[in-house]
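What follows is each chain in one-letter form.
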Amino acid sequence: MPERSGPGFRRRVGPPSRRARVALLTLGVLAVLFLLFVMFAGFWTDWLWFRSVRYSSVFTTELWTKIGLFAVFGLLMAVIVGFNVWLAHRLRPPLSAMSVEQQSLDRYRAGLAPFKRWALIGVSLVIGLVAGAAASGQWRTWLMWTNATSFGEKDAQFGMDVSFYAFDLPFYEFVLGFAFSAVIVSLLTSALVHYLYGGLRLQGPGRRASAGAQGHLAVLLGVFVLLKAVAYWLDRYALAVKTGSYKGVSGWTGLRFVDANAFLPAKTILFFVAIICAVLFFLTPIRRTWAPALIGLGLMVLSAVLIGGLYPAIVQQFQVKPNEQAKETPYIQKNIDATRQAYGIADAQTTQYSPQGSTNADALKPDAQTIADIRLLDPNIVSPTFQSLEQQRNYYAFPSTLDVDRYGTGTGKQDTVIGLRELDLNGVQRNWINDHFKYTHGYGAVVAKGNQVDDRGQPVFTESGLPATGTLGDYQQRIYYGEKTTTYSIVGGSNKEIDYTDSKTGQNAEYTYSGDSGVSLDNPITRAAYAVRFTEPQILYAGAITDGAKVIYNRTPKERVEKVAPWLSIDADPYPVVQDGRVVWVLDGYTTSDGYPFSSKTTLGTATKDSLTNQRGELLAVANQVNYIRNSVKATVDAYTGEVKLYQWDEKDPVLKTWMKAFPGTVEPKADIPQSLLPHLRYPQDMFKVQRDLLGQYHVTDANSFFNGSDIWQVPVDPTSDTKQVQPPYYVTVRMPDTKAASFSLTSTFVPNQRPNLAAFMAVDADPGDDYGKIRILKMTGDSGAPGPGLVQSKFNSRQEVASQITLLKSGGDSELEYGNLLTLPVGNGLLNVEPVYVRGRGAKYPTLQKVLAVYGDDNVAFENTLEDALKKVFAGAAPATTPTAPSTTGVGGTPTSPATPSPTGPAIPGAGGTISPELQKALADAEKAYSDGQTAFKNGDWAAYGNAQKALGDALKAAEAARGGGPAPTPAATPTGSGSPSPTP
C-alpha cells in the first residue's frame with residue numbers, strides 16, 4: 001500500500017536505529033575521553049616540568065595540600081549538610097498531622113520518593129565539591145599555619161607574638177567562615193525539607209513548626225549564634241590589623257583610641273551576650289517555646305547596635321574630638337613603630353643637611369670617586385643604541401631597559417650598563433619550524449662603561465661583537481632563557497639550530513643544544529600531552545622531532561622562579577650577570593604578609609609604579625595590599641640550562657623560615673651563594689620603592705609631629721618623562737657625607753607636599769657587605785632652598801644660553817632631544833645635579849649623547865659637550881690651592897706619618913729592621929705613580945682619571961700592607977711641585 005503523505009498525515013518517527021545509537025554513544029565516550037585527556041595533559045606536563053627543574057617537591061607539596069584540604073573540608077561539608085537533611089526527613093510528622101497546606105505538597109513528595117537516597121547523596125556531594133574547591137584555594141593559609149615560625153616580637157596591644165596575626169588568625173578566620181557556611185547551608189536545606197514533609201507551615205492557625213522541626217532548627221540557630229560569639233572574640237584581635245584611613249594614610253592599620261576604649265570592650269561584652277543567646281536556643285527544644293531565644297536574639301542585635309555602634313560613636317564625638325591629639329598620639333606612636341619595623345625602615349638614619357651654593361678643593365676631595373663614577377649612560381635610553389650597534393642580526397634584540405651592574409676589581413671596578421642579545425622571532429620568516437626548531441636562542445652579552453662615551457657620543461663597549469669578546473673572558477654565550485623568550489622550543493636530538501651568523505663568512509653556524517633542561521619527547525603520551533598543551537597537533541607526528549629531542553618552555557626568568565616558589569613575590573627587574581663562565585639571571589624575591597599588627601598597609605602596584613614601569617615590565621603586584629615585606633631570597637636562573645636556584649638572603653625573616661619548613665630543601669643557605677656572584681648582588685628596586693613610599697610620611701618618628709602632618713614628603717614627578725609618573729630610583733656610586741668612601745647605592749629624592757624644592761635625598765647601600773641595606777637620608781634644612789628635580793630641570797630650560805643651544809641641537813625640528821636620568825648627588829658639601837642630553841637626528845635609529853647639563857647650587861649652571869667641561873664650569877673657583885693629599889698612614893706608635901720616598905737601594909721599613917722586599921717595593925712604586933697621576937688629574941679637573949688614581953692608590957697601599965705582613969705600610973711621597981710648594985699633609 002502506498003505511503004500516505006500530505007497535510008493531514010504525519011510520518012511516524014520511531015526510535016533511532018542501533019547504528020545511530022552506537023555512533024552517538026561512541027561520540028559521547030570520545031568527547032569524555034578527550035576532556036579527561038585535556039585535564040590529564042595539564043597535570044602531566046606540569047609534573048614533568050617541575051621534575052625537569054628539580055623542584056618536584058614543590059609540585060607534590062602543593063598538590064597533596066590542595067587534595068587534602070579538598071577532601072577533608074569537602075567531605076566535612078557533605079557530611080554536615082547530608083546529616084541535617086537526613087535528620088530533617090527523619091523528624092517529619094505523620095501524614096495525619098499535616099495541614100491542608102502541607103497535604104497539597106503530596107505530588108512533590110511522591111515524585112521525589114523513588115529518588116530520595118540519590119537526591120540526598122547528590123545534594124551533599126555537590127555542596128561538598130563546592131566547599132572543597134573553595135578550601136583547596138587556602139593551601140597557603142594551611143601551610144603557613146602548620147609551619148608557623150615565631151617572630152619574636154609582640155604586638156603593642158594584646159602582647160601576642162606577631163606570628164599569631166600573620167599565621168594563626170587567618171587560618172582561624174577561614175575555619176570560622178567554613179563553619180558559618182556549613183551551618184547556614186544546613187539551616188536552609190533543613191528548613192526546605194521540614195516544609196516539604198510537613199514540619200513547617202506558613203499559613204493557618206496553630207503551631208507553625210512541629211516539635212521535631214522546632215528542636216532541629218533551634219539547635220542549628222544556637223550553633224550559628226555560638227559561632228558568632230567566637231567571631232566576636234576573634235574580632236578583638238582583628239582590631240590590631242584593621243585597616244582604614246587616617247592622617248592621610250589610606251592603609252592605616254591598628255587600634256586607635258575609640259577602638260581600644262569602645263570597640264574592644266564592646267566586642268568582649270557581645271561575646272558573652274552571644275553565648276547566653278546560644279544557650280537560650282539550645283534550651284528551646286526543652287522549653288518548647290521560641291520566646292526566650294528570640295528575645296535573647298533581639299537583645300543581642302540591639303546590643304550590637306548600641307554597644308558596637310552607638311557607644312563608639314559617642315566616645316569618638318565627646319572624648320576624642322575635643323582633645324584628639326592627646327588621645328590619639330599613643331596609638332599613632334604604635335603605628336609608627338610597627339610600620340617602620342615591618343618595612344625594614346626602623347634603622348633608617350636621618351641627618352640634617354644644609355647644601356652650600358659653592359664649594360672648594362678641600363670639600364671636593366672626599367667626593368672624587370662620586371664625581372669620577374657619574375653615570376652618563378642612561379640604561380633607559382641607550383637600548384636603541386645597543387640595538388643598532390650590536391644587534392648584528394634581525395633575529396636578535398635587547399630589552400627596552402638595560403641593567404646597571406659592576407664589573408672588574410680594584411681600580412678596574414666600575415659601574416657598567418649590560419644587556420643580553422636575546423632572540424626576537426619578529427626578525428625571521430615565521431613558520432612552525434623556524435619559530436620552534438631553528439631560531440631557539442640569543443647570543444652573548446654586550447657591556448659598556450657607565451661613566452664614559454666616545455667622541456661621537458656612543459657607548460664605550462667593554463664586551464661586544466658576535467660572538468662577544470672583551471673583558472668578560474670565555475663564557476657560555478647562548479641565551480636560551482631570557483626576558484624576551486616567551487615561546488617554547490624543541491631542541492636536542494638531531495635538530496640543528498641556527499647558532500649565529502659568522503661575521504667573516506656570512507654563513508650560519510649550527511648548534512645542537514646539549515644542556516640538561518627541558519622535558520624529553522621520546523614518550524608518545526608525553527608528545528600527545530604537549531600537543532594538547534600548546535594546541536599544536538604537529539608535535540604528535542612531526543618528523544623534525546627525533547630521539548633525544550626535548551621541549552623547553554616557561555623560559556622567562558620571572559615565570560620560572562614564580563613557578564618553583566609560588567610563595568614569593570618577584571621583583572619586576574631581573575638582571576643578567578656573567579660569572580664563572582656562565583650567564584645567569586639574578587632575581588630578588590620578597591616574602592610579604594598583611595598580618596603585621598599596627599603596621600600600615602600599602603598597595604604594591606601603586607608603590608612600585610614609576611615613569612619606567614611600562615619599559616621594565618610587570619608591576620611587583622597590582623592589587624596586593626601588604627604591611628610587611630622582606631627581600632628574603634636571591635634567585636638565579638641559568639641563561640643556558642634554565643637551572644633555578646633559590647638562596648636564603650634574609651636569615652632572620654620568620655616568613656621565609658615558615659615557607660622553608662613547608663617546602664624543605666628548596667631554598668639553599670646564604671653561605672652557598674657563589675663568591676663570584678656575590679659582588680654582583682644589589683639592593684632591589686621594588687623593595688626600595690616601597691620603602692621610600694612609606695618614608696614619605698614615616699620619616700617622622702614623633703607621634704605629635706606625625707599628627708600635625710606638616711612634614712610630608714613626596715617622590716617627585718620625573719621631569720625628563722611625559723608620563724607624569726614619579727621619578728625612578730637610580731643606581732649610582734656615591735659617598736654619603738657620614739661615610740669615608742663612595743659605594744654602589746640606590747638613590748632617590750623627595751620634595752615637600754605640593755612644593756617643588758628638595759626636601760630630602762635618600763640612598764641605600766646596594767653593595768653586599770656590612771652596610772648593605774643601610775638607609776641614609778639627608779634632610780634639607782628649612783632655609784636651604786635646594787631645588788627639587790622639577791626646579792633643576794626648569795633651571796636648565798630657562799637659561800638663555802642653554803635654550804639657544806637646545807634650539808641648535810634640534811636643528812629647526814629635524815632632531816629630537818631625549819633627556820637622560822637626572823642624577824642628584826651630594827658633592828662638596830652641596831648638591832650636584834647632572835643630566836645627560838641625547839640627540840636623535842632625523843632618520844637616525846638611535847640617540848647619541850651630545851651634551852651634559854650640570855647645576856651646583858643656585859646659579860652654577862653648565863651645558864657643555866662633556867661632563868668634564870660641565871664640572872669645570874660649575875666648580876669654577878674650586879681649583880686646588882695646594883697639591884692634593886694622599887691618604888694618611890699610621891706610623892710607629894700610631895702617629896700619622898707623611899709618605900716616605902722609597903729608595904732604589906731599598907730603604908729600611910719604618911718602624912722595623914731589614915730592607916724592602918720586591919713585592920713591597922713594587923707596591924710602593926705603584927702607589928707613587930697613582931698618587932702622582934691623581935695630582936695631575938686633580939689639577940686638570942679630570943675627575944674620572946682622579947677617581948681611578950684614587951682606586952689605584954688604595955689598591956697599592958693594601959698590597960704594600962700585605963707584602964709587609966699585615967703591618968702598617970709606608971706610602972709614597974709626593975714630589976714638591978716647585979720651590980716653596982707646601983708639603984702634602986696627611
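Asks: Mind showing me how you'd approach the overall build of the chain here?
Replies: For the chain, the count of helices and strands is 28 helices and 36 strands. A buried classification covers 51% of the 986 residues belonging to the chain. Sequence-distant contacts in the chain: of pairs separated by 6 or more residues, those separated by 24 or more amount to 69%.

Asks: Explanation requested: unusual backbone geometry in the structure shown.
Replies: The phi angle of most residues is negative, glycine excepted, and most peptide bonds adopt the trans form. In this chain, Leu466 is followed by Pro467 through a cis amide linkage whose omega measures -10°. Along the polypeptide, Pro467 turns up in the loop between strand E10 (459-464) and strand E11 (469-470). One non-glycine residue, Asp580, lies in positive phi territory at about 55°. Tracing the backbone shows Asp580 in the loop between strand E19 (575-579) and strand E20 (582-593). According to the relative accessible area criterion, Asp580 is exposed, its value standing at 58%.

Asks: I tried to follow the pattern of salt bridges on my own but got confused; where do I start?
Replies: When the charged atoms of two side chains with opposite charge come close together, those side chains can pair. Summed over the entire model, instances satisfying the criterion amount to 29 salt bridges. The closest approach of N and O atoms between Lys66 and Glu62, which form a salt bridge, is 3.0 Å. Residue Lys66 and its partner Glu62 are located together in helix H2 (residues 56-90), separated by four residues, close to a single helical turn. Judged by its relative accessible area of 31%, Lys66 is partly exposed. Of the charged contacts, one joins Arg406 and Asp767 as a salt bridge, the two residues approaching to 2.7 Å between their closest N and O atoms.

Asks: Just checking my understanding: could you explain the environment of Thr848 for this structure?
Replies: Take Thr848: it is sitting in strand E33 (residues 848-856). For the pair formed by Thr848 and Val837, sequence separation is eleven residues and the distance between their alpha carbons is 8.4 Å. Beyond its immediate chain neighbours, meaning those up to four positions away, Thr848 contacts Arg456, Gly457, Gln458, Val837, Tyr838 and Val839. At 2.7 Å, the side chain of Thr848 forms a polar contact with the side chain of Gln850.

Asks: Would you mind going over the layout of surface pockets with me for this structure?
Replies: Approximately 930 Å³ is the volume attributed to the second largest pocket. Lining the second largest pocket are 29 residues, and of these Asp347, Arg630, Asp650, Lys652 and Tyr772 lie nearest its centre. For the lining of the second largest pocket, the elements supplying multiple residues, two or more each, are helix H11 (324-342), strand E23 (628-638) and helix H22 (685-698). Per element, the largest residue contribution to the lining of the second largest pocket is three residues, and it comes from E23.

Asks: I would appreciate a short explanation of the side chain of Ser210 in the present structure.
Replies: Topologically, Ser210 is positioned in the loop between helix H7 (162-196) and helix H8 (211-238). At 3.2 Å, the side chain of Ser210 forms a polar contact with the backbone nitrogen of Ala213. Once residues within four sequence positions are removed from consideration, Ser210 is found in contact with Leu91 and Gly199.

Asks: Help me out: how do you make sense of the nonpolar core in this one?
Replies: Across soluble globular proteins, you tend to see nonpolar side chains buried next to one another. Counting 152 residues, the largest nonpolar core has Val551, Trp567 and Leu646 as the members making the most contacts within it. Tallying contributions element by element places H7 first for this core, with 15 residues. Setting aside residues up to four positions removed in sequence, Val551 forms contacts with Tyr488, Ser489, Ile490, Gly518, Val519, Leu521, Tyr530 and Phe534. Judged by nonpolar contacts, the second largest core, of 32 residues, contains Leu376, Val417, Ala448 and Val732.

Asks: Just to check I follow, could you spell out the environment of Val404 for this structure?
Replies: Mapped onto the elements of the fold, Val404 is located in strand E5 (residues 403-407). Ignoring any residue separated from it by four or fewer positions in sequence, one finds Val404 in contact with Arg375, Pro379, Thr416, Arg682, Tyr731 and Phe744.

Asks: For this particular structure, what's the right way to read helix H26 (residues 867-874)?
Replies: In an α-helix there are 3.6 residues to a turn, and that puts residues three or four apart on one side. Of all the positions in H26, only Leu867, Ala870, Leu871 and Val874 are classed as buried. The arc enclosing the buried residues of H26, seen along the axis, measures out at 95°, which places them on a common side.

Asks: Is there a simple way to explain helix H9 (residues 257-287) in this structure?
Replies: For H9, which comprises 31 residues, the first-to-last C-alpha distance of 44 Å matches the rise-based estimate of 45 Å (1.5 Å per residue) to within 8%. Looking one or two residues beyond H9, the residue adopting positive phi is Arg288, at roughly 60°.

Asks: Would you mind going over the packing of aromatic side chains with me for this structure?
Replies: Both the distance between ring centres and the angle between the ring planes are used here to describe each pair of aromatic rings. Tallied over the entire structure, the rule returns 50 aromatic pairs. Considering the side-chain rings of Tyr443 and Tyr500, the 4.9 Å spacing of their centres and the 55° angle between planes classify their relative orientation as tilted. Taken together, the residues span a long stretch of sequence, with Tyr443 in strand E8 (residues 442-443) and Tyr500 in strand E14 (residues 497-501) at a distance of 57 residues. Each member of the pair, Tyr443 as well as Tyr500, carries the same accessibility label: buried. Between Trp659 and Phe663, the ring centres sit 6.2 Å apart and the planes meet at 25°, which makes this aromatic pair stacked. On the basis of relative accessible area, Phe663 is assigned to the buried category, the value being 1%. By the ring-pair criterion, three or more aromatic residues cluster together here, those being Phe73, Trp142, Trp145, Phe158, Phe164, Tyr165, Phe171, Tyr172, Phe174, Phe178 and Tyr237. The cationic tip of Lys228 hangs over the ring face of Tyr232; the distance from NZ or CZ to the ring centre is 5.0 Å. Positioned over the ring face of Tyr237 is Arg236, at 5.4 Å from the centre of the ring.

Calculation criteria
- Residues numbered from 1 in each chain as written.
- Predicted model: local features only at pLDDT ≥ 70, side-chain atom pairs only at ≥ 80, totals over all residues.
- Heavy atoms only, no water.
- Helix = DSSP H or I, 4+ residues; strand = E, 2+ residues; numbered from the N terminus.
- Buried < 20%, exposed > 50% of the residue type's maximum accessible area, 1.4 Å probe, protein only.
- Contact = heavy atoms within 4.5 Å.
- Salt bridge = Lys/Arg side-chain N within 4 Å of Asp/Glu carboxyl O.
- Polar contact = N/O pair within 3.5 Å; in protein donor to acceptor, adjacent residues only side chain to side chain.
- 1 Å grid on protein atoms, 1.4 Å probe; cavity = no way out; pocket = protein on both sides within 12 Å on 5 of 7 lines; lining within 4 Å.
- Points joined across faces, edges and corners; volume = space filled by probe spheres on them.
- Core = buried A, V, L, I, M, F, W, Y, C linked by side-chain atoms within 4.5 Å.
- Arc of directions from axis to C-beta.
- Expected span 1.5 Å × (residues − 1).
- Phe/Tyr/Trp six-rings, centres within 6.5 Å; stacked < 30°, edge-to-face > 60°.
- Lys NZ or Arg CZ within 6 Å of the ring centre and 35° of its normal.

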